[in-house]
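Here is how the chains run, residue by residue.
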Amino acid sequence: MQPSPGQGWYRQRASAIAPANAATCSIAAGINGAAAGQVLRLEGAVVTVAPEIQSGTILPYADGSLEQGVAGWTVASGVATIARSSPWGTAYWEGAYSLAVSSSTATASVLRSGRFPAPADTSYRAQIIASRSAGSWSAVNVKVRWYDAS
């Protein structure tokens, strides 16, 4: 985890997939690099099943929330790098992380999520929440690519 940016309350999440042989779990929290007189307060400690980011989504939590890393996202074309943002409220909409995309050149890039089962003959809607953190890009294109079984 990253150090908090200051005093006050900060929400921190950790997300992972339970191992196949898991029977119980617990939460651990502590102070790294503590000095005498420091205080850590905890409240609202829970372990819950990760919710769908939006009802009916076919993308799993890891790919929609980025809580577990960059999940199945890749750079399909262009000059871009992807990483998970830092936590503590600096760059996210909901949760604690976002996909951070950067480019060293002034060229277009395409990012693609992993592939997930999508029943045919069903209406779908693709949606992302995006933020410009630096630079001057002015548009984001969102497209769905469909694949057959082969």
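The residue numbering used here restarts from 1 in each chain and proceeds along that chain's sequence as written. Confidence filtering applies because this is a predicted model: local features only for residues at pLDDT of at least 70, side-chain atom pairs given and counted only at 80 or more, and all residues used for totals across whole chains, interfaces and linings. Calculation of side-chain values draws on the structure's entire complement of heavy atoms; hydrogens and water are dropped beforehand.

*Asks:* Help me understand the side chain of Asp63, please; the structure alone is not making it clear to me.
*Replies:* One can find Asp63 in helix 1 (residues 61-65). One buried charged residue, Asp63, remains without a salt bridge, the closest side chain of opposite sign being Arg115 at 11 Å. Contact criterion: two residues are considered in contact whenever any of their non-hydrogen atoms come within 4.5 Å of each other. When sequence neighbours within four positions are dropped, the list of residues in contact with Asp63 reads Ala71, Gly72, Trp73, Gly114 and Phe116. Here a strand is any run of E in DSSP of at least two residues, a helix any run of H or I of at least four, and the numbering for each starts at the N terminus. Between buried and exposed lies partly exposed: a residue is buried under 20% and exposed over 50% of the maximum accessible area for its type, with that area taken using a 1.4 Å probe on protein chains only. Positive charge is attributed to Lys and Arg, negative charge to Asp and Glu, and no charge count is given to His or to the chain ends. Counted as salt bridges are all cases of a side-chain nitrogen of Lys or Arg within 4 Å of a carboxyl oxygen of Asp or Glu.

*Asks:* What is the right way to read the packing of aromatic side chains from this model?
*Replies:* Any two aromatic rings considered together are summarised by their centre-to-centre distance and by the angle between their planes. Aromatic rings from Phe, Tyr and Trp, taking only the six-membered ring of Trp, are treated as a pair when their centres fall within 6.5 Å; an angle between ring planes under 30 degrees marks them as stacked, one over 60 as edge-to-face, and anything in between as tilted. Per the counting criterion, the structure on display carries one aromatic pair. Seen from their ring centres, Tyr124 and Trp146 are 5.3 Å apart, and the 50° between their planes marks the pair as tilted. Taken together, the residues span a long stretch of sequence, with Tyr124 in the segment after strand 4 (110-112) and Trp146 in the segment after strand 4 at a distance of 22 residues. With a relative accessible area of 32%, Tyr124 lands in the partly exposed category. Overall, the relative accessible area of 53% leaves Trp146 in the exposed class. The ring of Tyr97 carries Arg84 above its face, with NZ or CZ at 3.8 Å from the centroid. One Lys or Arg, Arg115, reaches over the ring of Tyr147 and ends 3.6 Å from the middle of that ring. Charges are assigned to positions over rings by a cutoff of 6 Å between ring centre and Lys NZ or Arg CZ, combined with an angular limit of 35 degrees from the ring normal.

*Asks:* Would you take a moment to explain unusual backbone geometry for this structure?
*Replies:* Apart from glycine, the bulk of residues carry a negative phi angle, and the bulk of peptide bonds sit in the trans form. The backbone of Leu66 shows a phi angle near 65°, a positive value even though the residue is not glycine. Position of Leu66 among the secondary structure elements: in the loop between helix 1 and strand 1 (74-77).

*Asks:* Could you clarify how one ought to interpret the environment of Tyr61 in this entry?
*Replies:* Within the secondary structure, Tyr61 is located in helix 1. Looking at Tyr61, the relative accessible area reads 15%, which means it is buried. When the C-alpha atoms of Tyr61 and Leu42 are compared, they prove to be 25 Å apart, with 19 residues separating the residues in sequence. Leaving out residues up to four positions away in the same chain, Tyr61 has contacts with Arg13, Ser15, Ala50, Pro51, Ile53, Leu66 and Glu67.

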